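So you can see what is in the structure, the chains are spelled out below.
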Amino acid sequence: MQSAAASLRAPVRRAAFASARIQRVSLRSSYRRFSTETPPPAPAKSNTALYAGIGALALGGGVAFYLFSNDTLSTTAKSGVQSAKAAVKFTPTKEDYQKVYNKIAEVLNSDESGAYDDGSYGPVLLRLGWHSSGTYDKATGTGGSNYATMRFSPEALHGANNGLHIARGIMEKIKQEFDWISYGDLWTLGGVTAIQEMAGPKIAWRAGRIDGEAKDATPDGRLPDASQGKDHLRDIFYRMGFNDQEIVALSGAHALGRCHPDRSGFDGPWTFSPTTVTNDYFKLLLSEKWVWRKWAGPKQLQDKKTGTLMMLPTDYALVGDKSFKKWVQTYAADEALFFKDFSSVVGRLFELGVPESQFASTEPWYFKTLDEQKA
Ligand code: HEM
């Protein structure tokens, strides 16, 4: 059934393709998938004619360095182009951020993105936006998206962030072209772009995050541990300032993407359409019979019917707790409400840790999707 919100969404470019593809993906051997899913990003192109020559040099060097290093230097090293631009006072407007959005969206819709995982870089970019924000601790005011401290080890090397060097590498190429944007703004805008371009709701977003230093990095253990249960979920998300309803709405992001044994140890997608934002995660949690998977990996559930979908222990905890389950049922029955609540809670998530005075605007900004701009 098509809900009102769903009918307003941008056309789904890959929905049919994705579900066909997922059948194939599940048939592929693990070895094959892992050997093909982490291609080094192709060298980026600079479209700034003025700086084309130097840009190409800086870019080649920057991307290569980024790929082979997970360390501080990779993102703090300044190219000649960056220094030259930084010397010129430039105050970006909302239109400049729309240009960044468009560039990210183009990358998401590129063939390179289409050849990755289930057909999109979108899920891994959203995971980067979330992990850069979800370190927030409201009691101390530390963590959150303000300083983009995942650029620094050891935060880059925290187990929860395994695999996110891929998303940071994709974003690094955007950063080379729009060097004036902070990493925190870039990564959260990447999350917004991913949601909107994967047919999800509009997310309010404002510019204003600044690049921090290694000393601002957060300790390990602030992000959720998928092998735990409801008490852990509440400990982690209450610490950020979220309530039960918001924990459930946020978890709906698992309609997207998949688990990778070489990253988290878990394996498989949650839904049959992992590159389209839907409320299927909630529907499947309720409609399927979930059984513990018998395998050598960490404890996870699989759907009894097809054996191709998965749930993490933390996902399954949402139907084992009365207060959480009420919201799973609500969102399974009403996709428009899920979109509305998901939009507002993700908007808040991405602003965690950013002082209000830093934002460029008091009003929320909404960006147009590529399809809306074409129309
Ligand atoms: C509720 C607690 C959460 C836990 C325990 C959790 C855990 C995980 C794990 C283990 C993975 C697999 C990583 C991999 O192997 O590649 C994953 C993937 C993902 N998570 Fe979460 N997550 C949580 C909440 C969230 C939230 C709040 C969001 C966004 C708002 C989110 C978005 C994603 C996305 C999009 C992916 C797919 C990434 C990809 O396909 O590469 N998750 N999550």
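Residues numbered from 1 in each chain as written. Predicted model: local features only at pLDDT ≥ 70, side-chain atom pairs only at ≥ 80, totals over all residues.

Student: Before we move on, could you go through the overall build of the protein and cite the residues and values that matter?
Tutor: What the protein contains, in helices and strands, is 18 helices and five strands. For the protein, the proportion of its 375 residues judged to be buried stands at 47%. For the protein, contacts bridging at least 24 residues in sequence account for 76% of all contacts bridging at least 6. (Helix = DSSP H or I, 4+ residues; strand = E, 2+ residues; numbered from the N terminus. Buried ≥ 20, exposed ≤ 12 C-beta atoms within 10 Å, placed from the backbone. Contact = placed C-beta atoms within 7 Å.)

Student: Just give me the short version of helix H16 (residues 322–333), but keep the residues and values in it.
Tutor: Taking 1.5 Å of rise per residue, 12 residues should cover 16 Å, and H16 covers 17 Å from first to last C-alpha, within 8% of that figure. Taken as a whole, H16 has its buried residues at Phe324, Trp327, Val328 and Tyr331. Viewed end-on, H16 has its buried residues packed into an arc of 105°, placing them on one side of the element. Of the surrounding elements, those touching the buried residues of H16 are helix H12 (230–240), helix H13 (244–251), helix H14 (280–287) and helix H17 (335–349). (Expected span 1.5 Å × (residues − 1). Arc of directions from axis to C-beta.)

Student: Just give me the short version of the site of the ligand, but keep the residues and values in it.
Tutor: Lining the immediate environment of the ligand, one finds 24 residues, of which Pro123, Ala253, Gly257, Arg263 and Ser264 sit closest. Contributions of two or more residues to the shell around the ligand are made by helix H9 (122–133), H13 and strand S1 (258–259). Counting residues per element, the shell around the ligand draws most heavily on H9, at five residues. For the shell around the ligand, the class distribution of residues is 14 nonpolar, seven polar and three charged. (Near = placed C-beta within 6 Å. Nonpolar A, V, L, I, M, F, W, Y, C, P; charged D, E, K, R; others polar.)

Student: How would you explain the confidence of the model for the protein if you had to name every residue and give the values?
Tutor: For the protein, per-residue confidence averages 84 on the pLDDT scale, and 77% of positions sit at 70 or higher. Scored below 50 in pLDDT, residues 1–78 shows 102 contacts in the model against residues more than four places distant or in partner chains. (pLDDT = per-residue confidence, 0-100.)

Student: So, the packing of H9 against helix H11 (residues 183–197): which residues are in play, and what are the values?
Tutor: Between H9 and H11, whose axes approach to 8 Å, the crossing angle comes to 135°. Taken together, the axes of H9 and H11 are oblique relative to one another. Where H9 crosses over H11, the handedness of that crossing is left-handed. Listed contacts from H11 to Gly122, Leu125, Leu126, Leu128, Gly129, Trp130, Ser132 and Ser133 of H9 are Gly184, Trp187, Thr188, Gly190, Gly191, Ala194, Ile195 and Glu197. Residues of the contact of H9 with H11, tallied by class, amount to seven nonpolar, eight polar and one charged. (Axes fitted to C-alpha atoms, helices over the stretch in contact; angles between N-to-C directions. Parallel < 35°, antiparallel > 145°, perpendicular 65-115°, else oblique. Left-handed = near helix turned anticlockwise from the far one by under 90°.)

Student: Describe in detail the sheet that holds strand S3 (residues 290–292), supporting the description with residues and values.
Tutor: The antiparallel open sheet is built from three strands, whose spatial order is S3-S4-S5. Since the sheet does not close on itself, it has two edges, and those belong to S3 and strand S5 (310–311), each with one partner. Sheet topology places S3 next to strand S4 (residues 301–303); three bridges connect them, and they run antiparallel. Residue pairing for S4: Trp290 is matched across the bridge by Asp303. (Pairing = 2+ DSSP bridges.)

Student: I'd love a proper account of the environment of Gly229, names of residues and values included.
Tutor: By secondary structure assignment, the location of Gly229 is in the loop between H11 and H12. Every residue in contact with Gly229, bar those within four places of it in the chain, is listed here: Pro313 and Ala317.

Student: Give me the lowdown on the environment of Leu164, citing residues and values where you can.
Tutor: Considering the arrangement of structural elements, one finds Leu164 in helix H10 (residues 164–177). Put simply, Leu164 and His131 are 33 residues apart on the chain and 9.0 Å apart in space, counted from C-alpha to C-alpha. Those residues in contact with Leu164 that lie beyond four places of it in its chain are Arg127, Leu128, His131 and Met150.

Student: Before we move on, could you go through the packing of H9 against H10 and cite the residues and values that matter?
Tutor: Across the interface, H9 lies against H10 with an axial gap of 9 Å and an inter-helix angle of 100°. With respect to H10, the element H9 is oriented roughly perpendicular. Contacts between H9 and H10 pair Val124, Leu125, Arg127, Leu128 and His131 from the former with Leu164, Ile166, Ala167, Arg168 and Ile170 from the latter. Tallied by class, the residues present in the contact of H9 with H10 amount to seven nonpolar, one polar and two charged.

Student: With reference to specific residues and values, describe the environment of Arg293.
Tutor: Tracing the backbone shows Arg293 in the loop between S3 and S4. Linking Arg293 and Lys304, residues 11 residues apart in sequence, is a C-alpha distance of 9.3 Å. Leaving out residues up to four positions away in the same chain, Arg293 has contacts with Gln300, Leu301 and Gln302.

Student: Now, about unusual backbone geometry: what can you tell me, with residues and values included?
Tutor: A cis amide bond links Ser153 with the next residue in sequence, Pro154, at an omega value of 10°. Residue position: Pro154 is located in the loop between H9 and H10. With a phi close to 50°, Ala148 is a non-glycine residue in the positive phi region. Checked against the element boundaries, Ala148 lands in the loop between H9 and H10. A positive phi is found at Ala199, a non-glycine position, where the angle reads about 70°. Tracing the backbone shows Ala199 in the loop between H11 and H12.

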